[in-house]
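What follows is each chain in one-letter form.
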Amino acid sequence: MGFHIVVCAGIVPDPLQTLEPATGPNGPGIKTEMVLPAVLDPWAASALYEAANLAGKNPGSKVWLVSLGPKAKLQQVMMSVAQKVSFELVPIDGPIGGFPDAQATAAALAETIGAIPGLERARLMLFGGWESATRGAGVTLQLVGERLGIADQFQGVDAIEVREDGSFEVLERVEGGKHQVSVCTGVPAVLGWATGNLAEPRNNPQVGMANMRTIMPALQKAKMVTLDANGLQYVSVSLPKQQRATRVEKNMSADEIAAELVAWMGAE
Amino acid sequence: MSSAPQPIAVDRQTMEVDIACAGFGPATGGFLTTLTQAWSESPADPAFESKVAPGMPLQVMCYERADDLAAGVSGVVTRGEGIRASFPKLDPAEIPMAAAVKRESVFYLLDPIGARRSALLRFGDFCLGLGRDSWVKDRAFELPWTPAFLHKHGGMILSIGQFNQWVGTKLMAGGLAQIWPGMPVSGPIFDGDNGKEKRTVLGLRFTDQGVDKHGVAADGYMPGMDVRASLTVVGDGPVGAVGQKLDERFGLPAGHARREWALGMKMVIELPEGSELEAGTVWHTFGFPEPEIFGFLYVHPERLVSVGIFVPSWMGNPQRTAYRYLQHYIQHPLLWKHLEGGTLRSWGAKSLEESGKHGEPFLTGDGFARIGEGSGSTNMLTGSGVDEAWTTGVQLGEAVLELLHADKPFTQENLAAAYEVRRRAGWVERGAREAKNARNGFHRGFIHGMVGMALAGLTGGRLALSGKIPPAPKQIRKIGAHGKAGLRLREAAKVAMADGRPLHDALMSARGWPEIPFDGRLLVTHQDALLMGGKVQAMPGFADHVVFLDRQRCIACEEKTCVAMCSGQAITLGADGAPEFEREKCVHCGACLWNCAQSPDGERSSIEFVAGSGGLHSAEN
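Take the overall build of chain A next. Counting its secondary structure elements, chain A contains six helices and 13 strands. Taken over the C-alpha trace, chain A has a radius of gyration of 20 Å; the compact-globule value for 268 residues is 18 Å, and the two agree within 12%. Oriented by its inertia axes, the alpha-carbon framework of chain A measures out at about 60 × 50 × 40 Å. Counting across all 268 residues of chain A, residues that qualify as buried make up 39%. A separation threshold of at least 6 residues defines the contact pool for chain A, and within that pool the share at least 24 residues apart is 78%.

On to the sheet that holds strand S4 (residues 99-100) of chain B, then. Residues and elements named next belong to chain B. Across the sheet, which stays open at both edges, the three strands sit in the order S3-S8-S4 with antiparallel pairing between neighbours. The two strands at the open ends of the sheet, each matched to only one other strand, are strand S3 (75-78) and S4. Sheet topology note: the S3/strand S8 (residues 156-159) ladder contains four bridges and is antiparallel. Opposite Thr-78, over in S8, you have Met-156 as the bridge partner. In the packing of helix H4 (residues 160-174) onto the sheet, the strands contacted are S3 and S8, and the crossing angle to S8 comes to about 85 degrees.

Counting residues at the interface gives 27 residues for chain A, matched by 37 residues for chain B. Secondary structure elements with two or more residues in the side of chain A that touches chain B: helix H2 (71-81) and helix H5 (205-220) of chain A. The element contributing the most residues to the side of chain A that touches chain B is H5(A), with six residues. In the side of chain A that touches chain B, the residues fall into twelve nonpolar, ten polar and five charged.

To continue, consider the pairing of strand S11 (residues 201-206) of chain B. Residues and elements named next belong to chain B. Counting buried residues along S11, six of its six residues qualify, which places the element largely inside the surrounding structure. Strand direction decides the pairing type here: strand S10 (residues 185-190) and S11, joined by five bridges, are antiparallel. Looking at S11, one finds that Pro-188 is bridged to Leu-204. Strand direction decides the pairing type here: S11 and strand S14 (residues 226-234), joined by three bridges, are antiparallel. By the bridge assignment, Gly-203 is partnered in S14 with Arg-228.

All names here are of chain B. With their axes 9 Å apart at the nearest point, helix H8 (residues 386-405) and helix H9 (residues 412-425) run at an angle of 145 degrees to one another. Judged by the sense of rotation from one axis to the other, the crossing of H8 with H9 is right-handed. For the pair H8 and H9, the contacting residues are Thr-392, Gln-395, Leu-396, Glu-398, Ala-399, Glu-402 and Leu-403 in the first and Asn-414, Leu-415, Ala-418, Tyr-419, Arg-422 and Arg-423 in the second. The residue makeup of the contact of H8 with H9, split by class, is six nonpolar, three polar and four charged.

The next point concerns the confidence of the model for chain A. Mean pLDDT over chain A works out to 88, with 94% of the residues at or above the 70 mark. Strand S3 (residues 21-24) of chain A is the least confidently modelled element of chain A, averaging 77 in pLDDT, while strand S1 (residues 4-8) of chain A averages 97, the highest of any element.

Rules and cut-offs
Residues numbered from 1 in each chain as written. Chains lettered and ligands numbered in written order. Predicted model: local features only at pLDDT ≥ 70, side-chain atom pairs only at ≥ 80, totals over all residues. Helix = DSSP H or I, 4+ residues; strand = E, 2+ residues; numbered from the N terminus. Rg over C-alpha atoms; globule rule 2.2 N^0.38 Å. Buried ≥ 20, exposed ≤ 12 C-beta atoms within 10 Å, placed from the backbone. Contact = placed C-beta atoms within 7 Å. Pairing = 2+ DSSP bridges. Axes fitted to C-alpha atoms, helices over the stretch in contact; angles between N-to-C directions. Nonpolar A, V, L, I, M, F, W, Y, C, P; charged D, E, K, R; others polar. Left-handed = near helix turned anticlockwise from the far one by under 90°. pLDDT = per-residue confidence, 0-100.

Set out below in structure tokens:
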């Protein structure tokens, strides 16, 4: 039978760029975000690679990638992502930037997923990122699951193993660097992925060409949405603190370097 | 002796397409735009039906080495005539960081810190200095007029990264062409049955993935696929792997040679609040930090400027360290009064092929055509290459449309009749002929060079100084093991090895250049620059793309120009005196290819620069 795996994946400015906060008419955002190249959110990208891997192991499975963002940016991101694994894109043409309300985002995603032709709820696995490299409310995926009526939800997932009877075992990250092992009797289920265990797939132009046959028509037909702020107010915004202190050391041992790093981190 | 990674003998997957392009830049952008616009006007035209997928439109693929279409490394000012011809309603405001040119100035920069100057130049500087406060301000003399050949009136200031992204988005939305970044092409597929006399290309081969640094198969080995095409369009720039391999196999036309190069290195700087520099301002400079180094400042919208220098191969000094020179350049009083307090947003570098007509390769063969900078289109008299590259792409696009409509195959004969004829009749060719000998004089010195350039520029190329252009390795002045310079080099190398300081930085300091007063915002170490505004990335699983062919020769080399000139400090001095390469720092500028003083045959370099993955992720360049 296989699974119907829907991966919710946002696009974010390439984290390698210099990201600076800026306040626009819709609240806080990132300076010149439209200028910066976008990438698939790295956490969600892990979910996509895991989805493709799972689909490959379970014949008859299919992967959809649902992404909300400006059409032009989605197209740009697909040039790279489409070379990695096979999927069908379900784009939602929406606004870029800022920190949109998770409720509004989840509503748009759930409505779109519910309308995917041929998607069978009895075979559904909803994948996404547990976190976001650039912005993440930390609740969007759960809200999508709730709107779709899926009660079995797992977050911080690093591995899934499907058993012959259709049940599956999930490793979730918990405090103390440990994993919690859960067994779920079957789908539908929501899995918010941590980093997983798969390496980023190599670029394969044949995979890209096959994907592109459906991606470009889908982008042309992408439904446009606006995200209601629902009276959202931003109390404060902060960026992760960055420090750079480059130094070349050729005579220090690895232990000495490690000790200095630990002391430096401790001082923070 | 070592050699570049050789493709492993395995059965490779093969894919058939109609047209395969190597490299996505302005030239390929012009080519694909021409095809896409024609197809979108009449998509049902049978001329556009694919031969490899009957019933479908032409299968047109473009493969780009860099990880993103925006990962370009050039801020340019261009007249943009060819670009505007493709987009008649173009408004620069549509393209991020683009601005219409408003004013242009040319400055001769006097030396504010006692850098190297000939006696004649010192005298000239002294005479100019007499006019302090009247015609010399901020240690700079503004030429009362900008020579017509330098003018970019009606043109645009662009970030090539943003321009590529803008063009790529339009093309992908157009629906005919597919562009795939992050896909390095190792070389063309030659027809094994044909000798070198018959120039035939059957398609492109991708770089192997899942290999170690020496190209040996490792975990996840994936042999590079073969893409076979009726037409292979080569637009991978001056140091692209496909273009290099074509030149290697077929040679260059009689009398042609690629001997003149420059490294363009620039910063994108956010100006301090209240800056008076107006978007659209263009400055050309010469005279500092070395007489041979030309510089520029282009003002983008939103308080961004591109500031950079060109370090040419004919500057014989083997310690030509571009990053350090650029730091001194931006501190010249003329620039610093605007830049001080600014923030470095990104930085990048690129090799420029400056031979022009002298270095033009065979433009066509059976199944292939060459466009853009790698085809010798850059005009070094006007200092312009983007619009020229775009236009050669358009010319090939029009030629391909003609052949498709006539149902003629892409043979050398047909491509020559359709593409080369267009190219010879166009403005790019006229400009190239005018510029052909404009720079010859620089090989006899800076003053000769300026006179020669002025002569050629003011007479439309009818007059120029003659000059013999030596191969790039011979343009590097020998240090000599026993002279003062040799002693200085050894001392600098000792210091660099002892305290872990980069060799090229130590060399510049040893030559008397003042230390850089780092401020952590704009004046930052070279290594920090690699981490700002885009950062350098290298996907695992690819082989080293810089290969030193003869380690003993490298150890014996006194000049070590490859180390001094490496834009990303990716080439460093190893403990045994041989250069070492770190792929994770390489920005793929290709400078190592022509900054090698140890030629095995008097012409070629001892360094191979092959197809590789990664590089700068900066989008603002």
